[in-house]
Amino acid sequence: MLEEISKIKREIENTARNISSREDLDAFRVTFLARKGKIANLFARLREIPPEQKRDVGQQLNALRSFAEELFKEREKQLVESQKRKTPFLDYTLPGRELPIGHTHIVSRTIADIQSIFVRMGFSIATGPELESDYYNFETLNFPSDHPARDMQDTFFIKDDVLLRTHTSPVQIRLMESRKPPIRAIMPGRCYRNEVISARSHVQFHQVEGLSVDTHVTFTDLKSTLVAFAREFYGKSTAYRFRPSYFPFTEPSAEMDISCFLCHGNGCRVCKNTGWLEILGCGMVDPNVFKAVGYDPEELTGFAFGMGIERTAMLRHNIPDIRLIFENDARMLRQLG
Ligand code: DAH
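Every chain is numbered on its own, with residues counted from 1 as its sequence reads. Local features are withheld for residues below a pLDDT of 70 in this predicted model, meaning they are given only at 70 or higher, and side-chain atom pairs are given and counted only at 80 or more; totals for whole chains, interfaces and linings count all residues. Only hydrogens and water are removed before side-chain values are computed, so all heavy atoms of the structure are retained for them.

**Q** I would appreciate a short explanation of the packing of helix α5 (residues 106–120) against helix α8 (residues 219–234) in the present structure.
**A** Each axis is a line fitted through C-alpha atoms, taken for helices only over the stretch in contact, and angles between the N-to-C directions span 0 to 180 degrees. Numbering of helices and strands runs from the N terminus; a helix is a DSSP stretch of H or I covering at least four residues, while a strand is a stretch of E covering at least two. For the pair α5 and α8, the least separation of the axes is 10 Å and the interaxial angle reads 130°. Regarding the angle of α5 to α8, the classification is oblique. Here α5 runs over α8; the crossing is right-handed. Within the contact between the two elements, α5 uses T110, D113, I114, I117, F118 and R120 and α8 uses T225, L226, F229, E232 and F233. Under the scheme applied, nonpolar residues are Ala, Val, Leu, Ile, Met, Phe, Trp, Tyr, Cys and Pro; charged residues are Asp, Glu, Lys and Arg; polar residues are all the others, including Gly. Each residue belonging to the contact of α5 with α8 can be placed in one class, and the counts come to 6 nonpolar, 2 polar and 3 charged. Orientation is classified from the angle alone, with under 35 degrees giving roughly parallel, over 145 giving roughly antiparallel, 65 to 115 giving roughly perpendicular, and any other angle giving oblique. Note: crossing handedness is left-handed where the near helix turns anticlockwise from the far helix by less than a right angle, and right-handed where it turns clockwise. When checking whether two residues touch, look at their non-hydrogen atoms; a contact exists if any pair is within 4.5 Å.

This is the structure in structure tokens:
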């Protein structure tokens, strides 16, 4: 009997050592500690023991049972602990993880910034189609079919009379056709030109067009509006100049330069050492344009302007290559956010 007790003790030790799951633990209990387990069996056999040994064997059996119970409790505790360690520790005081949210594309943001300045000056916003007819893109803007100025804008033709608009100026015409003056509106949108793609030009780009038509609009209105815009957009101390230029739909026409804010007029690569940056084309609406939309050029005057968005964004954010704006490399876009 005593031999058997020590044999079962070793068995208990070995089995306990191999417990690694709830199932093992249960099996241990069933084998040794349950009502029909090995220890209970030994207790049942106490009857066979001669009376003078009973006391001794009984003590040994009690010790064996306590030993098995202790081991059971110990292994159970260890199992619970190790399972706890497997569940990740939650620190509720940690700040939450920021969810990656996108941001407005540089082009949309530049348009929005320009719009907000003009909206504060009383301009409304209008849009027009990207697929245009020759009539709106050229004819009504005073580009007759044999006019050499058509060559200024390399056009993607879809069909004889259908093209991808080369500028936002046709929206001026659509607006004047659909409304009575006074008109004060800006017209943002995408344009296309059949150009060789390079650091400075692309086949797609955006413009913001502006138009103000009323009975007494003057060149002074044009200047003060555009100067107010430039000071707001590029900074209070921005210097400016208007250079005479030519556009078929304005007379007189001009281009507006601002002092180069990168080198402050000292000369750099971006301003090509001139100290000046060209930011837009503008002028007084040509009487022929008024005639084309059925307005009376004797009664009405107006000014118009157009600026390139990518160019504006490139100047403002010092972006060296227009392609970076359209390639949509997330690493680039993130920096422009
Ligand atoms: N449409 C011209 C271009 O794409 C820009 C422009 C110049 C627009 C003068 C105007 C303007 O409204 O008055 O080059």
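Text resumes after the structure shown.
**Q** Mind showing me how you'd approach the site of the ligand here?
**A** Consider each residue's heavy atoms; a residue with any of them within 4 Å of a molecule or strand counts as near. What surrounds the ligand is a group of 16 residues, the closest being H167, S169, R193, Q207 and E209. In the environment of the ligand, a nitrogen atom lies 3.0 Å from a nitrogen or oxygen atom belonging to the side chain of H167. A distance of 2.6 Å separates an oxygen atom of the ligand from a polar atom in the side chain of E209. All accessible-area figures derive from a Shrake-Rupley calculation using a 1.4 Å probe, and residue coverage is judged against the displayed protein chains alone. For the ligand, the protein covers 91% of the area, taking 360 Å² as the surface of the free molecule. Elements supplying a minimum of two residues to the shell around the ligand: α7 (169–178), β5 (204–214), β8 (276–285) and β9 (301–308). Of the residues that constitute the shell around the ligand, the class distribution is 5 nonpolar, 9 polar and 2 charged. By the criterion applied in these results, polar contacts are pairs of N or O atoms within 3.5 Å in which, for protein atoms, one can donate a hydrogen and the other can accept it, and in which residues neighboring in sequence qualify only through two side-chain atoms.

**Q** I would appreciate a short explanation of the sheet that holds β8 in the present structure.
**A** Adjacent strands of a sheet form backbone hydrogen bonds with each other and so pair up, either parallel or antiparallel. The strand order across the open sheet formed by 7 strands is β1-β4-β5-β9-β8-β7-β6, and the pairing between neighbours is mixed. What marks the edges here is a single partner per strand, and that holds for β1 (124–125) and β6 (240–247). Across the sheet, helix α10 (residues 309–317) touches β5, β8 and β9, and the angle it forms with β9 is around 60°. We call two strands paired when DSSP finds no fewer than two bridges between them.

**Q** What's the story with the nonpolar core in this structure? I'm lost.
**A** Note on soluble globular proteins: their nonpolar side chains tend to be buried together. What makes a nonpolar core is a set of buried Ala, Val, Leu, Ile, Met, Phe, Trp, Tyr and Cys residues whose side-chain atoms join them at distances within 4.5 Å. Burial here depends on accessible area, computed with a 1.4 Å probe over protein chains only, as a share of the maximum for the residue type. Under 20% is buried, over 50% is exposed, and the range in between is partly exposed. Judged by nonpolar contacts, the single largest core of 43 residues is most densely connected at F118, L226 and F305. For this core, the secondary-structure elements that each account for two or more residues are α5, α8, β7 (250–259), β8, β9, α10 and α11 (323–326). Among the elements that take part in this core, α8 stands out by supplying 7 residues, more than any other. If we ignore the near neighbours within four places in the chain, the residues touching L226 are F118, F242, M256, L280, C282 and F305. In terms of nonpolar packing, the next biggest core, distinct from the first, is built from 24 residues, L175, I183, L211 and V213 among them.

**Q** Explanation requested: helix α4 (residues 51–86) in the structure shown.
**A** Given 3.6 residues to a turn, an α-helix orients residues that are three or four positions apart in the same direction. Given the number of residues in a helix, its expected span is that number minus one, multiplied by 1.5 Å. If you check α4, its first and last C-alpha atoms are 53 Å apart, about what 36 residues at 1.5 Å a residue would give, namely 52 Å. All of the buried residues in α4 are V57, G58, L61, L64, A68, L71, F72, R75 and L79. Buried positions along α4 lie against α1 (2–17), α2 (22–33) and α3 (38–44).

**Q** What is the right way to read α2 from this model?
**A** Helix length check: α2, at 12 residues, gives a terminal C-alpha distance of 15 Å against a target of 16 Å (1.5 Å per residue), a fit within 8%. Of the residues making up α2, those classed as buried are L25, F28 and F32. Axial view of α2: buried residues confined to an arc of 55°, hence all on one face. Contacts from the buried residues of α2 go to α1, α3 and α4. Each C-beta atom gives one direction from the helix axis, and the arc is the one those directions make.

**Q** Explanation requested: the environment of T215 in the structure shown.
**A** Its location among the elements puts T215 in the loop between β5 and α8. If near-sequence neighbours (up to four positions away) are discounted, T215 is found in contact with E299, L300 and T301.

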